[in-house]
Amino acid sequence: MHILVHDLDEGIVTYQDAINASGSYLLEKDYIQIEYIAACINREKSYPTGLLMSNGIGIAIPHANYQLVKINSISIVRSINGVTFGEMEDSSSKVSCQLIFNLALATSDQHLSILKRLFTLFQDESFLNKCQQFNCKQTEEFIIQQLKL
């Protein structure tokens, strides 16, 4: 499993741009097929992935068909200003997301397993704060440790 962490340019405010940015890092490493990025954007329209956590931090978990994934990876992009995603539980509501976890997992079993673990971690305010405050490399190492990869 590969974890990539990057900070978004402040000009990125739409979920489409955020998914393009996170996907471009996966594409650079040849972890996904090029169609994966558009598939994430299209899926987000019907099945939004934004979550507003109890501590006020917004998280999005865009993903797409595992058949478009070459190597299991998660591309995490961080936004200081937040990126607007539709809310997972109510698609008519919007969430400003500071953390976007783009899941590129090659099997549906692994997808569910990682998703369960992430949801548990998202309940931990300390985990979310560290994901925002550590530098990119420290955050990559921290998430690998927390996911027990």
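Our structure's up above, just so we're on the same page.
Residues numbered from 1 in each chain as written. Predicted model: local features only at pLDDT ≥ 70, side-chain atom pairs only at ≥ 80, totals over all residues. Heavy atoms only, no water.

Caption draft 1: Representation of the packing of helix α4 (residues 125–133) against helix α5 (residues 136–147) in the model. Two numbers describe how α4 lies on α5: the axes approach to 9 Å, and their chain directions differ by 155°. The angle between the axes of α4 and α5 places the two elements in the roughly antiparallel class. Between α4 and α5 lies a crossing of left-handed hand. Residues Phe127, Lys130 and Cys131 of α4 touch α5, and the partners they reach there are Thr139, Phe142, Ile143 and Gln146. Among the residues making up the contact of α4 with α5, the classes are represented as four nonpolar, two polar and one charged. (Axes fitted to C-alpha atoms, helices over the stretch in contact; angles between N-to-C directions. Helix = DSSP H or I, 4+ residues; strand = E, 2+ residues; numbered from the N terminus. Parallel < 35°, antiparallel > 145°, perpendicular 65-115°, else oblique. Left-handed = near helix turned anticlockwise from the far one by under 90°. Contact = heavy atoms within 4.5 Å. Nonpolar A, V, L, I, M, F, W, Y, C, P; charged D, E, K, R; others polar.)

Caption draft 2: Molecular detail of the packing of helix α1 (residues 15–28) against helix α2 (residues 35–46). One can describe the packing of α1 onto α2 by two numbers: an axis separation of 9 Å at closest approach and a directional angle of 150°. When the interaxial angle is binned, α1 and α2 end up roughly antiparallel. Handedness of the crossing formed by α1 with α2: right-handed. Two secondary-structure elements touch here, α1 through Tyr15, Gln16, Ile19, Asn20, Gly23, Ser24, Leu26 and Leu27 and α2 through Tyr36, Ile37, Cys40, Ile41, Glu44 and Lys45. Residues that form the contact of α1 with α2 fall into these classes: eight nonpolar, four polar and two charged.

Caption draft 3: A look at the sheet that holds strand β5 (residues 94–104). Pairing is mixed in the open sheet, where five strands are placed in the order β1-β4-β5-β3-β2. For this open sheet the edge positions go to β1 (2–7) and β2 (50–52), each flanked by a neighbour on one side alone. Pairs of neighbouring strands in the sheet enclose a mean axial angle of 25°, with direction left out of account. The pairing of β1 with strand β4 (residues 73–86) spans six bridges and is classified as parallel. By the bridge assignment for β4, leucine 4 is matched with serine 75. Sitting on the sheet, α4 is in contact with β3 (58–60), β4 and β5, with an inclination near 80° to β5. (Pairing = 2+ DSSP bridges.)

Caption draft 4: Molecular detail of α5. Between its first and last C-alpha atoms α5 spans 16 Å; for 12 residues at 1.5 Å apiece the expected length is 16 Å, and the two agree. Taken together, the buried positions of α5 are Thr139, Glu140, Phe142, Ile143 and Leu147. The arc that holds every buried residue of α5, seen down its axis, measures 170°, which confines them to one face. Summarising the geometry of α5, the exposed residues directed more than 90 degrees from the buried face are Lys137 and Gln145. Buried positions along α5 lie against β1, β4, β5, α3 (108–122) and α4. For α5, the N-terminal capping position is held by asparagine 135, with its side-chain oxygen 3.1 Å away from the main-chain nitrogen of lysine 137. Just past α5, the residue lysine 148 takes up positive phi, approximately 55°. (Expected span 1.5 Å × (residues − 1). Buried < 20%, exposed > 50% of the residue type's maximum accessible area, 1.4 Å probe, protein only. Arc of directions from axis to C-beta. Polar contact = N/O pair within 3.5 Å; in protein donor to acceptor, adjacent residues only side chain to side chain.)

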